[in-house]
Protein chains: 4
Amino acid sequence: MGIKYGMIGGGQGAFIGDVHRKSIALDAFAEIAAGCFSRSVENTLETGKNLGIAAERCYKTYEEMAQAEAKRSDKIDFVVIVTPNSTHYDISRAFLNAGIHVVCDKPLVWETEQAQELADLAQKNNLLFCVTYSYTGYPAVKHVREMIRKGEIGKIRFVNAEYPQEWLASPAEKSGNRQAQWRVDPEISGKVNCLGDIGSHAENMVSYMTGLRIKSLCARLDKIVEGRVLDDNASIMIEYEGGAKGLYWSSQIAIGYFNALRVRIFGEKGTIQWAQESPDCIDVFMSGQPGMRLSRGRDGFYQHAQSFSRIPAGHPEGYFEALANIYKTFTGAVAMLKAGRHIREFTPVEAEFDFPDAKMGMDGVKFINKCVESSAAGSVWVNY
Amino acid sequence: MGIKYGMIGGGQGAFIGDVHRKSIALDAFAEIAAGCFSRSVENTLETGKNLGIAAERCYKTYEEMAQAEAKRSDKIDFVVIVTPNSTHYDISRAFLNAGIHVVCDKPLVWETEQAQELADLAQKNNLLFCVTYSYTGYPAVKHVREMIRKGEIGKIRFVNAEYPQEWLASPAEKSGNRQAQWRVDPEISGKVNCLGDIGSHAENMVSYMTGLRIKSLCARLDKIVEGRVLDDNASIMIEYEGGAKGLYWSSQIAIGYFNALRVRIFGEKGTIQWAQESPDCIDVFMSGQPGMRLSRGRDGFYQHAQSFSRIPAGHPEGYFEALANIYKTFTGAVAMLKAGRHIREFTPVEAEFDFPDAKMGMDGVKFINKCVESSAAGSVWVNY
Amino acid sequence: MGIKYGMIGGGQGAFIGDVHRKSIALDAFAEIAAGCFSRSVENTLETGKNLGIAAERCYKTYEEMAQAEAKRSDKIDFVVIVTPNSTHYDISRAFLNAGIHVVCDKPLVWETEQAQELADLAQKNNLLFCVTYSYTGYPAVKHVREMIRKGEIGKIRFVNAEYPQEWLASPAEKSGNRQAQWRVDPEISGKVNCLGDIGSHAENMVSYMTGLRIKSLCARLDKIVEGRVLDDNASIMIEYEGGAKGLYWSSQIAIGYFNALRVRIFGEKGTIQWAQESPDCIDVFMSGQPGMRLSRGRDGFYQHAQSFSRIPAGHPEGYFEALANIYKTFTGAVAMLKAGRHIREFTPVEAEFDFPDAKMGMDGVKFINKCVESSAAGSVWVNY
Amino acid sequence: MGIKYGMIGGGQGAFIGDVHRKSIALDAFAEIAAGCFSRSVENTLETGKNLGIAAERCYKTYEEMAQAEAKRSDKIDFVVIVTPNSTHYDISRAFLNAGIHVVCDKPLVWETEQAQELADLAQKNNLLFCVTYSYTGYPAVKHVREMIRKGEIGKIRFVNAEYPQEWLASPAEKSGNRQAQWRVDPEISGKVNCLGDIGSHAENMVSYMTGLRIKSLCARLDKIVEGRVLDDNASIMIEYEGGAKGLYWSSQIAIGYFNALRVRIFGEKGTIQWAQESPDCIDVFMSGQPGMRLSRGRDGFYQHAQSFSRIPAGHPEGYFEALANIYKTFTGAVAMLKAGRHIREFTPVEAEFDFPDAKMGMDGVKFINKCVESSAAGSVWVNY
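Not measured: the values here are computed from a predicted model. (Residues numbered from 1 in each chain as written. Chains lettered and ligands numbered in written order. Predicted model: local features only at pLDDT ≥ 70, side-chain atom pairs only at ≥ 80, totals over all residues.)

**Digging into the overall build of chain A**
So, step 1. Helix and strand counts for chain A come out as 12 helices and 14 strands.
So, step 2. In terms of overall size, chain A behaves like a compact globule, its C-alpha atoms giving a radius of gyration of 21 Å where 384 residues would be expected to give roughly 21 Å.
So, step 3. For chain A, the spread of C-alpha atoms along the three principal axes comes to 65 × 50 × 40 Å.
So, step 4. Looking at the 384 residues of chain A, the share that counts as buried comes to 59%.
So, step 5. Counting contacts in chain A only where the partners sit at least 6 residues apart, residues at least 24 apart contribute 70% of the total. (Helix = DSSP H or I, 4+ residues; strand = E, 2+ residues; numbered from the N terminus. Rg over C-alpha atoms; globule rule 2.2 N^0.38 Å. Buried ≥ 20, exposed ≤ 12 C-beta atoms within 10 Å, placed from the backbone. Contact = placed C-beta atoms within 7 Å.)

Shown next, in the form of structure tokens:
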């Protein structure tokens, strides 16, 4: 396909960078050609070598990389940013200014204004900006979205979304777990921990599936494990524009739960449910009919949703395939721009270029900030 | 056993009265001997005849019945009240004044003061007062309570309780469903519909299992189906004394759900989950151990809990058996009082007399009133 | 209703007799009036006293009881036989000769000829004979039967039935478990243990649901736990008349399984599945449609099936209710005969008198004998 | 890593070839460098071009490819054969004679002698031979194997394995489904259809997990859909060496089932269950303990099993990752041989080189032939 990418972060000892590389490799959408994988030059060089990257394209800093790549005739087409949240803004800006498309981890940044600025910058430079809300890549999620758009369950009345985990139920940050250490550290994670890491996925998933816009919310961010300064459990009541209501819960202290994102959407005519840990299935309850379980590959997913599946029903597809689906549409869009098209000509998050974009990143930042505002004031209602 | 009971409500065309009669009959704990089954005398007489009750003990009004029975040497030992909520207070008082133990449906009454008065009256007259929170009768529920009391999951941190139903998702009250008509009618149901009917079960179940006392709450009562004046969906954030937090949701518009009461309790050391529709099982997740499913009759329920089971593991016990368990302890207590004991001598809701009592009824009334207060003020936090 | 019954077996220390008494009491279909509950006269007298039976109707032997009751003007209408298999034939005959209807536990007897004789005797004397295949009492089972009769899944092609249990996985008979002792003892249990106790339920359930008649079978009866002389695990391949095939498995050594009777029926147009441990649900898979889960009380059970339910969807009904349903139709038939009708006038196992009858008991005896014959000959095919 | 591979089959319009390519790409274990993707040269050239393969290495026939590659200094290290079963023998032999390692789809060949010959040829030439029983690649499967080897459930007593599917429930071969056409065609599929395609997976999975060796079996191969000359449903009773028993069932007419391979293993001390459609979980029932569910990434999988997982618990891994795990160990072994080691020095199917080998392929062929022999003789027992 001829598309090349670089990566910031993802050196040896890191985790998620390799997940991205594997997901991109699955379908051979793009090849890695440059990187600044770590603040340690040795790590970057070693990682680059293992990935078959030329030494001259293993960079000491992201600034250097952005500048050097910008000047190359064979420059990378896009960069994947998998560093802690506090660095997203600066790195993203550097690459957008270098004329390179950006894929950035979530939550995007800390402030809504920063998110807006990045979105505007991308737009101005005819560049794509993708925020890796990876769960939107599941075919079943895309089918749910289309069911709702087509009105299959009627007007939505109530949404119940939850994302419980167990991994911070004990003070793992005190026993040397580095991932735990930075997650609970406000210097690195910003204003929130649990809400930013996983509550934001609940918000994003509801928004992606239903298109509902939040009008006001009332949030309680709990610091349950002694000594924490950031939240590890969060409950949020929502009012959406148009009158629907919502209830979200995310938690890192729910022993027995791993990545149990689950969304239940109640409409006038029926109910739709989806859970990340059984991603191939959708439970549908239509008024007056027996409960139904839809399976990817069998039960008539809409053509767009089905196009993101690689294998017949009954052979599980998982997280790597979902993330690969993000890259499938993203690299498709990159290819069109390389071919001379302009982003004005196509609308992201539409059928063709259905990847989570800067707009979703902004929504996530706003959600986090509004929840913090509500909780800090005593869990009162705040308008959007 | 020689214990006799009467019933108010439960005539032909009604539903729950027969459920109570069957549950009492299952173990032959008591025999029906009198009744005022309907405001229609014909219905009362016909019902009484079918039940083999002497015509002279088929009464026109509950007042008449209370007075007449009080004078008989073979008077009923207790009365079962299965009439709409608005009548509970008057009927209960009449029988307590007649020296007859009372079993009353929930929610008990509309105001906390009334509940207190009934509790005091019973106490003063050495009478038992049972409120039929029937789900407390499941053996698994009793085992959960004992697990928590014994500290098996450590200090409780968070509770998530929900009770979704579908039966009022459409305006059934407009198409002749009488049960729906009175449920949504404030004249009969009082200040609340969904919250009183099923939200109160969530409150009661959490309280029964955990012993947690509510300190403050923030409730949103939604009127989702057009034209409703009472709630049909409710979300509540809770703070308990001692620092634990809770989140409750009840709904009558959740298409695909029947009586899906489910409680998830998160402690420092583990998680316990129970769901009414699979009442024989308990899911337990202890930190660092594989998830476990405990089954009634197999997995070492505590002796008290196990004593409420009638059949080995794998043969389902259901709602009738749970309700029968309420009557099992209640009639046991009645028998002891008949034998000359005084209620001062035993502590209700202890191992021996583990039935839902007036105190629980009062808690339920208070919960409803506090939720109404919070929601009416714009879903603000109110102290208990 | 005025129907009276007696019981053989079911004294103190026994188990299943009380289950029958409770199931009969649930709906007040009949009252107990006589009994010979044990070979110990003391036990019989004590049990009778606790049940409120007159001392003169607590009999020393079943023969005495049959003769004495036959002479009474208020004689019992039917007798319930809950003794070990080896006694069923003699006791049943005594009561049929005394003009008393019989309800007998399964497996009915040891030889097909005995079963036939009992069936003929009942017929000749205008008496009812019920064999308590209790699982046929579940409303969902009756709905499955009707779905199949109406051709909803088309011609049946294959049936997979299994009934695994764990309770004899260790040699419980050597550690004082009396139930285990008599089950594995050929003197009391006859030719088979596992196959007779639970394999026969699989055979009965398939036969009841589908109406399929066995043409030939190939059975392997395993004696897995060392020292057993009777089977504790059994696999059977079936050919039915008309070309369908079947595969049955029953086991008492399946650690983790309780009473996991499950039947899967594959037809030309769809599949139906039912499991005893979730008795309120039916899974239906129709070709080209999403999988469906039908719930009792909600999803349009046929009127006959629904009439056996006592409470709305989502409130579990269990084993007691299923057994009560056997007695519901049985006592209905008893009442009609008391009212002067003759059994020629109605066809058992039809909508009106849908209880498991002598014919089913005979089928069960034949199945066991054919399996024993096949297995003894080296697991070869034997014709029916 | 520098390992190169070629492929026979897998051109445009085919399916499984692409699945293999994606699985190999996921971890970048090897690069594709040559191919003969179709009997159509145009297809081969077009497929090769899309995969970035030099035109001179897109071959007209597999013979040509084997000879040409054998002579190159940069010859492919291994070949992946994804053609219909009837061609496996000839193609495999050609590449083994060319000194190229082979990965071949299953069932390997039609006759045990052919399988033996291929195994011997590989051995003689110091070459690896992998048969893609892909389900052995799931981490949970590897953990089950190790649990059993370590005696966690004690001596195995009984195994119940099944693999139902629905896709041939109707005569899809008559409505233009090409996959169905060749599956039911004895010219291409050989002696069996259902048994070879999926029954062999059940055999392989039991063998892989337990190490049990079959001693004798009794098989019934059914031709259920009218007009079929090969089986579409199969039931098999097994006796293993050492006394354990087994029961297998595979079906292509089970409406509602996709790839529902499930294995239940009953030992003296406990039971282990695994199902392909929930591949991350293992259900374990130990005698006298509550049932447990083990989850990949959380519940202490043995180190070897865990090393095949790429992402934490709760993020599903699926079929692509399982197949990639086959290639992980296979390419690891290829690399060691490239580095000068000899296959005598390491034992395949051990911790280090845990991929399904020629021995497993032979076992599968023998199983199929013995089942055919049994069924053809009237479903009698045949010795191994």
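**Remarks on the interface of chain A and chain D**
One frequent convention defines the size of an interface as the accessible area lost when the parts assemble.
So, step 1. Each partner contributes residues to the interface: chain A has 24 residues there, and chain D has 24 residues.
So, step 2. Going through the elements one at a time, helix 1 (16–26) and helix 11 (319–338) of chain A are the ones with two or more residues in the side of chain A that touches chain D.
So, step 3. Ranked by residues supplied to the side of chain A that touches chain D, first place goes to helix 1 of chain A with 4 residues.
So, step 4. A per-class count over the side of chain A that touches chain D returns 12 nonpolar, 5 polar and 7 charged. (Nonpolar A, V, L, I, M, F, W, Y, C, P; charged D, E, K, R; others polar.)

**Looking at the interface of chain B and chain A**
So, step 1. Every contact between the two is made by 29 residues of chain B and, on the other side, 29 residues of chain A.
So, step 2. At the level of elements, strand 6 (156–164), strand 7 (214–222), strand 8 (233–240), strand 9 (245–251) and strand 11 (270–275) of chain B are the ones that each hand at least two residues to the side of chain B that touches chain A.
So, step 3. When residues of the side of chain B that touches chain A are assigned to their parent elements, the largest contribution, 4 residues, is made by strand 9 of chain B.
So, step 4. Of the residues assigned to the side of chain B that touches chain A, the class counts are 13 nonpolar, 12 polar and 4 charged.

**Examining the relation of the copies chain A and chain D**
Both copies of the chain are tied together by a single rotation about an axis and a shift running along it.
So, step 1. For the pair chain A and chain D, the superposition axis carries a translation of 0.0 Å, the fit reaches an RMSD of 0.0 Å, and the rotation angle comes to 180°. What we have between these two chains is a two-fold relation. Across chain A, the rotation axis passes nearest the C-alpha of Leu26(A), at a separation of 2.3 Å.
So, step 2. Interface overlap between copies: 100% of the residues of chain A at the interface are likewise at the interface in chain D, consistent with a symmetric, same-surface contact. (Least-squares fit on C-alpha atoms with pLDDT ≥ 70 in both.)

**Observations concerning the pairing of strand 1 (residues 4–8) of chain C**
Residues and elements named next belong to chain C.
So, step 1. Counting buried positions over the 5 residues of strand 1 gives 4, a clear majority of the element.
So, step 2. For strand 1 and strand 2 (residues 31–36), the ladder comprises 5 bridges, and the chain directions are parallel. What sits directly across from Tyr 5, in strand 2, is Ile 32.
So, step 3. Between the parallel elements strand 1 and strand 2, the chain passes through helix 1 (residues 16–26) in a crossover that is right-handed.
So, step 4. Across 4 bridges, the pairing between strand 1 and strand 3 (residues 78–81) is parallel. Looking at strand 3, one finds that Met 7 is bridged to Val 80. (Pairing = 2+ DSSP bridges. Right-handed = clockwise from strand over helix to strand, strands pointing away.)

**Points about the confidence of the model for chain A**
So, step 1. Predicted confidence across chain A gives a mean pLDDT of 95, with 98% of residues reaching 70 or more.
So, step 2. What the predictor reports for the complex is a pTM of 0.97 with an ipTM of 0.95. (pLDDT = per-residue confidence, 0-100.)

**A word on the relation of the copies chain B and chain A**
So, step 1. Mapping chain B onto chain A calls for a rotation angle of 180° and an axial translation of 0.0 Å; the resulting RMSD is 0.0 Å.
So, step 2. A shared interface surface links the copies, since 100% of the contact residues of chain B are contact residues in chain A too.

**So, the sheet that holds strand 3 of chain C**
All names here are of chain C.
So, step 1. Taken in spatial order, the 5 strands make up an open sheet running 2-1-3-4-5, and their pairing is parallel. With partners counted over all chains shown, the strands left at the sheet margins are strand 2 and strand 5 (129–131), one partner each. Averaged over all adjacent pairs, the angle separating strand axes in this sheet is 20°, with direction ignored.
So, step 2. In the packing of helix 4 (residues 88–97) onto the sheet, contacts are made with strand 1, strand 3 and strand 4 (101–104), and the angle to strand 4 comes to roughly 160°. (Axes fitted to C-alpha atoms, helices over the stretch in contact; angles between N-to-C directions.)

**Observations regarding the sheet that holds strand 4 (residues 101–104) of chain D**
Residue and element names in this part refer to chain D.
So, step 1. Pairing is parallel in the open sheet, where 5 strands are placed in the order 2-1-3-4-5. A strand with exactly one partner marks an edge of an open sheet, and here the two such strands are strand 2 (31–36) and strand 5 (129–131). With strand direction ignored, the average angle separating the axes of adjacent strands in the sheet is 20°.
So, step 2. The pairing of strand 4 with strand 5 spans 3 bridges and is parallel. Following the sheet pairing, Val 103 is matched in strand 5 by Cys 130.

**Description of the domain arrangement of chain A**
Residue and element names in this part refer to chain A.
So, step 1. Segmentation of chain A into domains returns domain 1 (4–135 + 322–357) and domain 2 (138–310 + 365–383).
So, step 2. Here domain 1 and domain 2 have C-alpha centroids that lie 25 Å from each other.
So, step 3. Each partner contributes residues to the interface: domain 1 has 18 residues there, and domain 2 has 22 residues.
So, step 4. Residue assignment for the side of domain 1 that touches domain 2 shows that the elements contributing at least two residues are helix 5 (112–124) and helix 11.
So, step 5. Class assignment for the residues of the side of domain 1 that touches domain 2 results in 10 nonpolar, 4 polar and 4 charged. (Domains from an automatic or database assignment.)

**Some words on the packing of helix 5 of chain A against helix 12 (residues 358–376) of chain A**
All names here are of chain A.
So, step 1. Their axes nearest at 9 Å, the elements helix 5 and helix 12 cross at an angle of 175°. Here helix 12 runs roughly antiparallel to helix 5, going by the angle between their axes. Taken together, the residues of helix 12 that come into contact with helix 5 (itself represented by Thr 112, Ala 115, Gln 116, Leu 118, Ala 119 and Ala 122) are Ala 358, Lys 359, Gly 361, Met 362, Val 365, Lys 366 and Asn 369. (Parallel < 35°, antiparallel > 145°, perpendicular 65-115°, else oblique.)

**Overview of helix 1 of chain A**
So, step 1. Across the 11 residues that make up helix 1 of chain A, a large majority, 9, are buried.
So, step 2. By the burial criterion, the buried members of helix 1 of chain A are Gly17(A), Val19(A), His20(A), Arg21(A), Lys22(A), Ser23(A), Ile24(A), Ala25(A) and Leu26(A).
So, step 3. Summarising the contacts, the buried residues of helix 1 of chain A are in contact with strand 1 (4–8), strand 2 (31–36), strand 3 (78–81) and helix 11 of chain A together with helix 1 (16–26) and helix 11 (319–338) of chain D.
So, step 4. Following helix 1 of chain A by one or two positions, Ala28(A) has its phi on the positive side, about 55°.

**A few points about the packing of helix 3 (residues 62–71) of chain C against helix 4 of chain C**
Residues and elements named next belong to chain C.
So, step 1. Contact geometry of helix 3 with helix 4 gives a least axis separation of 9 Å together with a crossing angle of 10°. Here helix 4 runs roughly parallel to helix 3, going by the angle between their axes. Remark: the crossing between helix 3 and helix 4 carries right-handed chirality. Across the interface between the two elements, Tyr 62, Glu 63 and Ala 66 of helix 3 pack against Ile 91, Ala 94 and Phe 95 of helix 4.
So, step 2. Residues that form the contact of helix 3 with helix 4 fall into these classes: 5 nonpolar, no polar and 1 charged. (Left-handed = near helix turned anticlockwise from the far one by under 90°.)

**As for the nonpolar core**
So, step 1. By size, the foremost hydrophobic cluster in this structure holds 489 residues, and its most contacted members are Val79(A), Val79(B), Val79(C) and Val79(D).
So, step 2. Setting aside its immediate chain neighbours within four residues, Val79(C) contacts Tyr5(C), Gly6(C), Met7(C), Ile8(C), Phe95(C), Ile100(C) and Val102(C). (Core = buried A, V, L, I, M, F, W, Y, C linked by C-beta atoms within 7 Å.)

**Here we look at unusual backbone geometry**
So, step 1. Looking along the chain, the bond that leaves Lys106(B) and enters Pro107(B) is cis, with omega of -5°.
So, step 2. Among the secondary structure elements, Pro107(B) is positioned in the loop between strand 4 (101–104) and helix 5 (112–124).
So, step 3. Of note, the phi angle at Ser379(A) is positive, near 60°, even though the residue is not glycine.
So, step 4. Structurally, Ser379(A) can be placed in the loop between helix 12 and strand 14 (381–383).
So, step 5. One non-glycine residue, Asn126(C), adopts positive backbone phi at about 55°.

**What about the pairing of strand 4 of chain D?**
All names here are of chain D.
So, step 1. Residues His 101 and Val 103 point to one face of strand 4 and Val 102 and Cys 104 to the other, with burial holding for every one of them.
So, step 2. Both strand 3 (residues 78–81) and strand 4 contribute to a ladder of 4 bridges, which runs parallel. In the sheet register, Val 79 faces strand 4, and the bridge partner there is Val 102.
So, step 3. In terms of handedness, the path from strand 3 via helix 4 (residues 88–97) over to strand 4 forms a crossover that is right-handed.
So, step 4. Crossover connection from strand 4 via helix 5 (residues 112–124) to parallel strand 5: handedness right-handed.

**Overview of the environment of Ala358(A)**
Residue and element names in this part refer to chain A.
So, step 1. Examined against the element boundaries, Ala 358 turns out to sit in helix 12.
So, step 2. Looking at Ala 358, the number of C-beta atoms within 10 Å reads 26, which means it is buried.
So, step 3. In this structure the C-alpha to C-alpha distance between Ala 358 and Leu 128, which are 230 residues apart in sequence, comes to 8.5 Å.
So, step 4. In this structure Ala 358 touches Leu 118, Ala 119, Ala 122, Phe 129 and Val 131, once residues within four positions along its chain are discounted.

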